[in-house]
Amino acid sequence: MALFNKPTAAPMAHTLRVLARLLAYPDAELRAHLDAMQGALHAEAALDAARLAEIDALIAHLAVSPPLDIEAGYVDLFDRGRATALHLFEHVHGDSRDRGPAMVDLTQTYAQAGLRLRPGELPDHLTVVLEYASTQPPAQAAAFLAEFAHITRSIFSALLERRSPYACVLAAVLELAGEKAQPVPIAPEPALDEAWEEPLAFGGCSTEGQAAPGTPQPVRIVRRAATPSNPHAQGASA
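Treat the numbers as computed from the prediction; the structure is a model and nothing was measured. All chains use their own residue numbering, which begins from 1 and follows the written sequence. Given that this is a predicted model, residues contribute local features only at a pLDDT of at least 70 and side-chain atom pairs are listed and counted only at 80 or more, while totals for whole chains, interfaces and linings are drawn from all residues. Think of the side-chain values as coming from all heavy atoms in the structure, minus any hydrogens and water.

Asker: Before we move on, can you summarise the nonpolar core with the specific residues and values?
Answerer: Only buried residues count toward a nonpolar core. Its members are Ala, Val, Leu, Ile, Met, Phe, Trp, Tyr and Cys residues joined through side-chain atoms within 4.5 Å. Each residue gets one of three labels from its accessible area relative to the maximum for its type: buried under 20%, exposed over 50%, partly exposed in between, using a 1.4 Å probe on protein chains only. In this structure, Leu22, Leu23, Ile55, Leu130, Phe144 and Tyr166 are the most contacted members of the largest nonpolar core, which totals 57 residues. Sort the elements by how many residues they give to this core and helix α11 (residues 167–176) lands first, with nine residues. In what follows, a contact means two residues having at least one pair of non-hydrogen atoms within 4.5 Å. Apart from the residues within four sequence positions on either side, Leu22 is in contact with Leu34, Met37, Ile55, Ile59, Leu62, Tyr166 and Val169. Secondary structure elements follow DSSP: runs of H or I of four or more residues count as helices, runs of E of two or more count as strands, with numbering from the N terminus.

Here you go:
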């Protein structure tokens, strides 16, 4: 998210921005700033020692693991499967039309604060939500994050189930929202090939005489209306 250099004295501002960065794609630029991010977390001390220790372990993992493994693991974790998706409205609205108006409302909330999205950036991505929250005073930031706590908790639970080191970041977000980082039951996801299966055109069949693909299609013979030039004409239509 592009910021308009809006000053903030919120004691959790740096922590929220670091958490946002930790949930971003772990490219070379991000990995180059891991030490600075770790220092900012400890300097602000918005999280307790136990949570900071968990995030330290995640940062160490990102720092020493092979870059290709880190990047591939991130894609597998957050981009393939709804349970761990970082687009919050996907958990609520899925691909329904209700997601559009919710996105517009959230974008307007950002605009009222003097913030705008980069091209291609979606307002419901958790990294964007955290960056916006970082510009708000502590009470308002916590209240804003609490509005999404049920979704954050669901993602946290899915990450715990996968034993992902990223779970500590979601736990930290919950705690900054004034919530407890407690897991909840996660509904099973459909298999990937099932979720991505293309629906058959027109449902594969219809109630008006169409059979499923690969089976004989019924043909009806209808009499064409007679015309003066061809009074005995008739034809066939499928």
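Still to come is the rest of the account.
Asker: Talk me through the confidence of the model for the chain; I want residue IDs and the actual numbers.
Answerer: Averaged over all residues, the pLDDT of the chain is 81; the fraction at 70 or higher stands at 72%. Here residues 198–213 is a poorly scored stretch, pLDDT under 50, and it has 11 contacts once near neighbours within four places are set aside; other chains count. Counting interchain partners and residues more than four positions distant, the pLDDT-below-50 stretch residues 231–238 has 12 contacts. pLDDT expresses how confident the predictor is about each individual residue, on a scale running from 0 to 100.

Asker: Describe the packing of aromatic side chains, listing the residues and the values that go with them.
Answerer: Each aromatic ring pair is summarised here by two numbers: the centre-to-centre distance and the angle between the ring planes. When the centres of two rings from Phe, Tyr and Trp lie within 6.5 Å, Trp using its six-membered ring, the rings pair. Their planes under 30 degrees apart give stacked, over 60 give edge-to-face, and anything left gives tilted. Across all of its chains, the model carries eight aromatic pairs by this definition. Judged by centre distance (6.4 Å) and plane angle (40°), the rings of Phe89 and Phe148 are tilted. In this pair, Phe89 sits in helix α6 (residues 88–92) while Phe148 sits in the loop between α9 (138–147) and α10 (149–161), placing the two residues 59 residues apart along the sequence. Through successive ring pairs, a cluster of aromatic residues spans Phe89, Tyr110, Tyr132, Phe144 and Phe148.

Asker: Describe the pattern of salt bridges, naming the residues involved and giving the relevant values.
Answerer: For side chains of opposite charge, pairing can occur when their charged atoms come near one another. Salt bridges are defined by distance alone: a side-chain nitrogen of Lys or Arg within 4 Å of a carboxyl oxygen of Asp or Glu. This model, assessed by the stated rule, comprises seven salt bridges. Put simply, Glu175 and Arg51 hold a salt bridge, and the shortest N to O gap is 2.5 Å. Separated by 124 residues along the polypeptide, Glu175 in helix α11 and Arg51 in helix α4 (residues 49–64) bring together distant segments of the chain. With a shortest N-O distance of 3.6 Å, Arg118 and Glu121 are connected by a salt bridge. Here the residues in one salt-bridge network are Arg51, Glu54 and Glu175, joined through shared partners.

Asker: Tell me about α9, residues and numbers included.
Answerer: Taken together, the buried positions of α9 are Ala141, Ala142, Phe144 and Leu145. What you see down the axis of α9 is that its buried residues fit within an arc of 160°, all on one side. In this structure, α9 carries Ala139 and Glu147 as exposed residues pointing more than 90 degrees from its buried face. What the arc measures is the spread of directions leading from the helix axis to the C-beta atoms.

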